[in-house]
Amino acid sequence: MQGNRQDAWTSDEDILLAETVLRYIREGKTQLEAFKEVGEKLSRTSAACGFRWNATLRKQYEEAIQLAKQNRKKISYQSQQKLDTSQTEQPNIHEVIQTLERLQKYYQEIDHQEELRKLVEENKQLKQKLYQYQVFLETVQQAMEKVKH
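Residues numbered from 1 in each chain as written. Predicted model: local features only at pLDDT ≥ 70, side-chain atom pairs only at ≥ 80, totals over all residues. Heavy atoms only, no water.

1. Points about the nonpolar core
Across soluble globular proteins, nonpolar side chains have a tendency to be buried as a group. Formed by 16 residues in total, the largest nonpolar core has its most connected members in Leu17, Val21, Phe35, Cys49 and Trp53. Secondary-structure elements contributing two or more residues to this core are α1 (11-26), α2 (31-42), α3 (46-60) and α4 (62-88). The greatest single-element share of this core, amounting to 6 residues, is contributed by α1. If we ignore the near neighbours within four places in the chain, the residues touching Val21 are Gln31, Ala34, Phe35 and Trp53. (Core = buried A, V, L, I, M, F, W, Y, C linked by side-chain atoms within 4.5 Å. Buried < 20%, exposed > 50% of the residue type's maximum accessible area, 1.4 Å probe, protein only. Helix = DSSP H or I, 4+ residues; strand = E, 2+ residues; numbered from the N terminus. Contact = heavy atoms within 4.5 Å.)

As structure tokens, then:
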């Protein structure tokens with residue numbers, strides 16, 4: 001008498017395991033990571049998933065494994081090409097010039113603001129001195145008026 005074991009793998013679980021492992025291969029990740037993910041989803045240990053994959057499913061998916069590995073190489077190659085081209089792209093000379101001109105204008109404005117601040121302060125001091133001289137001049141004029149009389 002042969003009955004189903006409670007922990008027997010269903011075809012849906014096999015498919016989930018296979019699809020996950022193949023995805024991890026394509027993405028350049030490890031099969032151990034795939035076993036861990038599937039184990040969490042199915043409430044099984046990653047070791048049980050690894051055993052099921054290696055003992056039963058790997059043989060059935062040999063061609064898909066090869067395709068996933070080829071796909072991984074293509075993706076890796078394309079990513080490397082994009083990285084290489086982005087590193088070798090030179091900035092547009094006109095953009096560089098515009099940026100430098102904007103920086104120059106910005107720093108000139110800062111210099112002008114500082115210069116303006118100094119002039120405002122100097123003007124304030126001169127007004128104070130002028131007021132003091134006016135007060136002194138009025139005092140002298142009053143004193144001379146008294147002397148004349």
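2. Some thoughts on the confidence of the model for the chain
Averaged over all residues, the pLDDT of the chain is 85; the fraction at 70 or higher stands at 85%. For the chain, the element scoring lowest by mean pLDDT is α4, at 72; α2 scores highest, at 96. (pLDDT = per-residue confidence, 0-100.)

3. Regarding helix α5 (residues 93-148)
In this model, α5 (56 residues) spans 80 Å end to end at C-alpha, consistent with the 82 Å of a helix rising 1.5 Å per residue. For α5, the capping residue at the N-terminal end is Asn92, with a side-chain oxygen 2.8 Å from the backbone nitrogen of His94. (Expected span 1.5 Å × (residues − 1). Polar contact = N/O pair within 3.5 Å; in protein donor to acceptor, adjacent residues only side chain to side chain.)

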